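Residue-level structural notes
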Amino acid sequence: MTTGTTGTADATPLFGPESQFRAFFDDPRWALAMIRATVLEAAHPQIGAALADNSTFVTHPWRRLRNTFLSMRRMFDADPAVREREAGRLNRLHARMSGSDTRGRAYDAMDRAARAWVVATLFESAVTMCRLSGQPLGQDTMERMYAEYRAFLAALEGDAGALPEDINDFWRYFDRVVGDELENTEAARVILYRLFDHLPAPALLDGMPTLWAAGRALIGPLLGAITVASLPEPYRRKAGLPEMPGAATLMQGAYLTAGFTRFLPEGWINAETIIETLSLSPDSDDPRARTMTALRARMKRGAALIRLLTPLSGDSDPDSVPATPPSTGEGRRSAEEFFRQVLDQTGDGHLDWPDLAAMARELATRLDLDEPEETRLYDAFAAWWRELQAALDTDGDGRVSADEYATAVPSLAGPALIRVAEVLFDATDKDGSGTIDADEYRTLFRTAFHRDLATTNDTFGRSAFVGDFLSFMSGRRTNTPYDPLLADA
Amino acid sequence: MPRHVACVMDGNGRWAQIRSLPRTAGHRAAEATVIDVIEAARASGVEWLSLYAFSTENWNRPGSEVAYLMRLVRRVVRKHAPLLLARGIRCRFLGVADPRIPRELAQDFDDLATLTADNRGMTLTLAFDHGGRRDIVEAARSLIRSKTPADEVTERLFADHLPFPDTPDVDLVIRTSGEQRISNFMLWQVAYAEWVFPEALWPDFRAPDFLACLHTYRRRDRRFGGVPPQTNGALS
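Predicted model, so just to flag it, every value in this text is computed and none were measured.

Description of the overall build of chain A
Looking only at helices and strands, chain A features 23 helices and six strands. Here chain A, with 489 residues, has 49% of them falling under the buried criterion. Sequence-distant contacts, at least 24 apart, represent 70% of the contacts inside chain A between residues at least 6 apart. When the accessible surface of chain A is totalled, it reaches about 22,600 Å², and 55% of it is carbon and sulfur.

Some thoughts on the packing of helix H3 (residues 29–43) of chain A against helix H4 (residues 45–54) of chain A
Residue and element names in this part refer to chain A. Relative orientation of the contacting elements H3 and H4 amounts to 100 degrees, with a least axis distance of 5 Å. Considered as vectors, H3 and H4 are oriented roughly perpendicular to each other. Residues Glu 41, Ala 42 and Ala 43 of H3 touch H4, and the partners they reach there are Pro 45, Ile 47, Gly 48 and Leu 51. For the contact of H3 with H4, a count of residues per class yields five nonpolar, one polar and one charged.

What about the packing of aromatic side chains?
Aromatic ring pairs: the centre-centre distance and the angle between the two ring planes describe each pair. Enumeration according to the criterion identifies 19 aromatic pairs over all chains in this entry. On the numbers, 5.1 Å between centres and 55 degrees between planes, the contact of Tyr146(A) with Phe170(A) is tilted. Here Tyr146(A) is found in helix H8 (residues 139–157), whereas its partner Phe170(A) is found in helix H9 (residues 167–181), with 24 residues between them in sequence. Across this residue pair, the class does not change: Tyr146(A) and Phe170(A) are buried. On the numbers, 5.3 Å between centres and 20 degrees between planes, the contact of Phe54(B) with Phe128(B) is stacked. Pair noted here: Phe54(B) is in strand E2 (residues 48–55) and Phe128(B) is in strand E4 (residues 123–130), with a separation of 74 residues, a long-range link. Grouping aromatic residues by their ring pairs yields a cluster made of Trp117(A), Phe123(A), Tyr146(A), Tyr149(A), Phe170(A), Trp171(A), Tyr173(A) and Phe174(A). Over the face of the ring belonging to Phe164(B) we find Arg92(B), whose NZ or CZ atom lies 4.2 Å from the ring centre.

Observations regarding the nonpolar core
All names here are of chain A. By size, the foremost hydrophobic cluster in this structure holds 69 residues, and its most contacted members are Trp 117, Phe 123, Tyr 149, Leu 163 and Tyr 235. Per-element accounting of this core gives the leading share, twelve residues, to helix H7 (residues 112–132). Listed in part, the 46 residues of the second largest apolar core include Ala 335, Leu 369, Leu 392 and Phe 469.

A closer look at H3(A)
Across its 15 residues, H3(A) extends 21 Å between first and last C-alpha, which sits within 8% of the 21 Å expected from 1.5 Å per residue. The element H3(A) is extensively covered by neighbouring structure, given that 13 of its 15 residues are classed as buried.

Looking at the packing of H7(A) against H8(A)
A pair of packed helices can be characterised by two numbers: the angle between their axes and the separation between those axes. Residues and elements named next belong to chain A. In the contact formed by H7 and H8, the axes pass within 10 Å of each other and the chain directions differ by 155 degrees. Taken together, the axes of H7 and H8 are roughly antiparallel relative to one another. Here the hand of the crossing between H7 and H8 comes out right-handed. In this structure, H7 uses Arg 112, Arg 115, Ala 116, Val 119, Leu 122, Phe 123, Ala 126 and Val 127 to contact H8, whose residues at the interface are Met 142, Met 145, Tyr 146, Tyr 149, Phe 152, Leu 153, Leu 156 and Glu 157. Of the residues that constitute the contact of H7 with H8, the class distribution is 13 nonpolar, no polar and three charged.

Some details on helix H3 (residues 63–86) of chain B
Residue and element names in this part refer to chain B. Over its 24 residues, H3 extends 35 Å from the first C-alpha to the last, a length consistent with the 34 Å expected when each residue adds 1.5 Å. At His 80, H3 is bent by approximately 50 degrees, the largest bend along its length, and proline Pro 82 sits one to four residues beyond. Directly after H3, the chain includes Gly 88, whose backbone phi takes a positive value near 70 degrees.

Some thoughts on the pattern of salt bridges
Inspection of the entire model under this criterion finds 32 salt bridges over all chains. The residue Arg172(A) makes a salt bridge to Asp169(A) at a minimum N-O spacing of 2.6 Å. Residue Arg172(A) and its partner Asp169(A) are located together in helix H9, separated by three residues, close to a single helical turn. In this structure Arg172(A) comes out as exposed when scored by relative accessible area, which is 56%. The partner of Glu39(B) in a salt bridge is Arg42(B), and the shortest N-O contact between them spans 3.7 Å.

Brief notes about the sheet that holds strand E6 (residues 194–196) of chain B
All names here are of chain B. Taken in spatial order, the six strands of this open sheet run E3-E4-E2-E1-E5-E6, and their pairing is parallel. What marks the edges here is a single partner per strand, and that holds for strand E3 (90–95) and E6. When strand polarity is set aside, the average angle formed by the axes of neighbouring strands in this sheet is 20 degrees. Sheet analysis places strand E1 (residues 4–8) next to strand E5 (residues 172–175), joined by four bridges and oriented parallel. Its bridge partner lying in E5, Cys 7 is registered against Ile 174. Along the sheet face, helix H5 (residues 132–145) touches E3 and E4 and points at about 95 degrees away from the line of E4.

Brief notes about the pairing of E5(B)
Residues and elements named next belong to chain B. Because side chains alternate across E5, one face comprises the buried residues Leu 172 and Ile 174, and the other comprises Val 173 and Arg 175, equally buried. Note: E5 against E6, three bridges, orientation parallel. Note on E6: the bridge partner recorded for Ile 174 is Val 196.

Conventions used here
Residues numbered from 1 in each chain as written. Chains lettered and ligands numbered in written order. Predicted model: local features only at pLDDT ≥ 70, side-chain atom pairs only at ≥ 80, totals over all residues. Heavy atoms only, no water. Helix = DSSP H or I, 4+ residues; strand = E, 2+ residues; numbered from the N terminus. Buried < 20%, exposed > 50% of the residue type's maximum accessible area, 1.4 Å probe, protein only. Contact = heavy atoms within 4.5 Å. Areas by Shrake-Rupley, 256 points an atom, 1.4 Å probe, with all protein chains shown as cover. Axes fitted to C-alpha atoms, helices over the stretch in contact; angles between N-to-C directions. Parallel < 35°, antiparallel > 145°, perpendicular 65-115°, else oblique. Nonpolar A, V, L, I, M, F, W, Y, C, P; charged D, E, K, R; others polar. Phe/Tyr/Trp six-rings, centres within 6.5 Å; stacked < 30°, edge-to-face > 60°. Lys NZ or Arg CZ within 6 Å of the ring centre and 35° of its normal. Core = buried A, V, L, I, M, F, W, Y, C linked by side-chain atoms within 4.5 Å. Expected span 1.5 Å × (residues − 1). Left-handed = near helix turned anticlockwise from the far one by under 90°. Bend = angle between axes of the 7 residues up to and from the residue. Salt bridge = Lys/Arg side-chain N within 4 Å of Asp/Glu carboxyl O. Pairing = 2+ DSSP bridges.

Here it is in structure tokens:
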């Protein structure tokens, strides 16, 4: 990729803060458009299969949202070096994803046509979002925006040949793919029907499961209906999606309302702040975290007071002794909990290579790893996976079920896992000093040292780091800095 | 004025026996004393108050009495939560580790502690399912886990590994009903405590009795193991 193809040499730069793309970042309609684009992506058989196998969006949607957002922002950064680096990272990430779907058809996340489709859905959803909210884009703006998205694809692929050069040809291309190639894939169904009904609470609202569940019960079906109604008609017909009376009006109303926020003073809605706030973990020492922690604490106290004031059902009768389920000791979690929250990253109920790959991916993203460290980390995880498979997969189906895991927990901390910890330590220790200092620690955990960590002089030695990692991975200790890293939604 | 006062609430069962009532009635009557003592302690400027509500050994009592106690404590906690919050009392629960504690009760404990965590008035520590030796064992485990070299372990460092390390040493322990035993209560913290043993049973114990105990404490001559300056005889 050269700077010429990315358009920075042009009179009006296609990237950077002036781009059309950036203009939508803080637009609430963008959230609806992104959901719609994701459904259209997932409906593509190749992408759908890759998503179903590898993606963590069902179990960790908020983390995934944050990563996607940051990645897109980097892809449209004004600095070509940042864009190039991010494109390289995405390419490496996609190169690790290939396999075959349930019907045995091969998929490959590096497939040119599939990647062009992802960019196409993003562009088309942005156009549609403006159309639906009664603020259609002019021909000039649309053409300019199309050029931006093609440049985005070119930054990834090296050239944008997979998308038609002319915007008029694009609409023909889009209709053809919707009509001929899209399918009612499992991934699309999961997004439409399962994701919103089971959306886990973001870190901010983690302490209030009841409140979250109540809000979700109301908003979830609504979001689903809005998204379905905004999909292209040929696809709705093909996938057998319901036509609900009033859904179209609801959808247009939602887009229109969200569009009104453009009259708010500039800076009132900032997508980055919102996303960061939602995914901020409570004990992070980000300056904003203090306010958020205070807010969370107040909400937690409110919830505690409500619980305490709720009248007890039935008065105490000394003779009827209800069976008391044993409460789990603090600081430890059950094997199932650990399996669900940490190990099973893709949420399919089984531990498989994509789960461990997702962990490696998350760690590599956090640490912003380059080659060859990234490959080294993946290799360590792959070795751990072979070790796990050999030790835990008793029925020989190639993956580890929650039961198989629960019966063999002690054998989890084998030499390969120790190797993972060591590679992670080396990757975190950027300056190779043999210890992790405050900055390096912060890059990994986005939080500062805590008193209870076995630290000396504000650095973290190799053995302490490895010990900590192992106790999280096998001792199943909660409340470690690894929790926000791997367990948070 | 003692900074940290602890009460061993003894005599509920005997109080009920004298009145030919079931033992559980004694526990029920204890509630009024608890509230009275909390008020009296707060009013007289005690900063830390600890109450021994349930020991690790109390699990050996008849199952029905234990179950009754669990429900009673739950009701009391919920009933007085708003009052404790309004009075600026910070509540915490020492112990509460046994899986036999009903989940709802543990949740209420957590809620009350969360609710009052920011209060800066008196700190009320309720020892529930507490054992002094267990705390010390836990601290030792925590020390070993943190890989502290043996030579570096000092009394102060050890105390940092006890539950609620910010708790100051107990200055005065009041054990009602005339019993004179420690019964495994906050063993580390009572090292230099003065003890008083009023004859009143806990349900009969009231604010004036509490103030009398404070008065007794003030007349005591606390030496912390040293030699009083005015004596010249042999002290063993």
